[in-house]
Amino acid sequence: MNKQKRLEMLTRWRDANPHPETELNFASPFELLIAVILSAQATDVSVNKATDKLYPIANTPETIYSLGVDGLKTYIKTIGLFNAKAQNVIKTCGMLINQHESVVPQNREALEALPGVGRKTANVVLNTAFGWPTIAVDTHIFRVSNRTKLAMGKNVDCVEQKLLKVIPAEFKVDVHHWLILHGRYTCIARKPRCGSCIIEDLCEFKDKIE
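The rules behind these values
- Residues numbered from 1 in each chain as written.
- Predicted model: local features only at pLDDT ≥ 70, side-chain atom pairs only at ≥ 80, totals over all residues.
- Heavy atoms only, no water.
- Core = buried A, V, L, I, M, F, W, Y, C linked by side-chain atoms within 4.5 Å.
- Buried < 20%, exposed > 50% of the residue type's maximum accessible area, 1.4 Å probe, protein only.
- Helix = DSSP H or I, 4+ residues; strand = E, 2+ residues; numbered from the N terminus.
- Contact = heavy atoms within 4.5 Å.
- Polar contact = N/O pair within 3.5 Å; in protein donor to acceptor, adjacent residues only side chain to side chain.
- Axes fitted to C-alpha atoms, helices over the stretch in contact; angles between N-to-C directions.
- Parallel < 35°, antiparallel > 145°, perpendicular 65-115°, else oblique.
- Nonpolar A, V, L, I, M, F, W, Y, C, P; charged D, E, K, R; others polar.

Comments concerning the nonpolar core
Here's step 1: Ranked by size, the top nonpolar core spans 32 residues in total, and within it Leu 33, Ile 34, Ile 64, Leu 72, Val 89 and Leu 111 carry the most contacts.
Here's step 2: At the level of secondary structure, the elements contributing two or more residues to this core comprise helix H2 (29–38), helix H3 (44–54), helix H4 (61–76), helix H5 (82–99) and helix H7 (119–128).
Here's step 3: Counting residues per element, this core draws most heavily on H2, which supplies 8 residues.
Here's step 4: Apart from the residues lying within four places of it in its own chain, the contact partners of Ile 64 are Phe 30, Ile 34, Leu 54, Ala 58, Asn 59, Leu 72, Val 89, Ile 90 and Cys 93.
Here's step 5: Residues Trp 13, Val 144, Phe 171 and Cys 187 belong to the second largest nonpolar core, which totals 21 residues.

Here's the deal with the side chain of Lys 85
Here's step 1: Position of Lys 85 among the secondary structure elements: in helix H5.
Here's step 2: Among the polar contacts made by the side chain of Lys 85, one reaches the main-chain carbonyl oxygen of Leu 38 at a distance of 2.6 Å.
Here's step 3: The residues touching Lys 85, leaving out its near neighbours within four places in the chain, are Ile 37, Leu 38, Ser 39, Ala 40, Ala 42, Ile 76, Ile 79 and Gly 80.

Points about the environment of Gly 183
Here's step 1: By secondary structure assignment, the location of Gly 183 is in helix H10 (residues 169–185).
Here's step 2: Sequence separation of Gly 183 and Val 144 is 39 residues, and the distance between their C-alpha atoms is 5.9 Å.
Here's step 3: Residues in contact with Gly 183, not counting those within four places in the same chain, are His 140, Arg 143, Val 144 and Ile 188.

Describing the packing of helix H1 (residues 3–16) against H10
Here's step 1: Look at H1 against H10: their axes get within 10 Å of each other, and the N-to-C directions meet at 75°. Judged by the angle between their axes, H1 and H10 are roughly perpendicular. Every residue of H10 that contacts H1 at Leu 7, Leu 10, Thr 11, Trp 13 and Arg 14 is listed here: Glu 170, Phe 171, Val 175, Trp 178, Leu 179 and His 182.
Here's step 2: Partitioning the contact of H1 with H10 into residue classes produces 7 nonpolar, 2 polar and 2 charged.

Right, here's the structure in full:
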């Protein structure tokens, strides 16, 4: 994959979707943080169904913390791994209250210190809530980057570093969303929809499907 191909690929995604957004429902950095914690190994749809009921009742560190683990579970029990996630969310709310004046920190180290928050979650929050040019590599981005040869790597960390190196600055804030959406709806895992792909002629995947 050469520089010219990458530029054309990114330009097409931008032309098709100039202002991409996450499919998680949120109205504040805190709501996004909690939604992303809940989304680990779960679909955005399942998380939205839960938070659409939770957030009208509790959508601040104090109000969610006041629910307690058992109270929170009643809202998120339809999400996978809800027991562990409930504990992490309550602990995270406590840390935000006690250490950050109930404000989501715009700092990677502080974010990654929160229970249930790893590098990927921190990247999503920094990018989507605060506009940082970070790239959170999930399974979709890992697959699309390797399959198209946009940025190849043996694991998510390698792909993230390669993307940060080869993606021009003007595209870095949005490329995370383009890649996720492309992987979720077009370049799907089992049977990619190559015939309806807007970058099909640029993609270097050898086993394309009509």
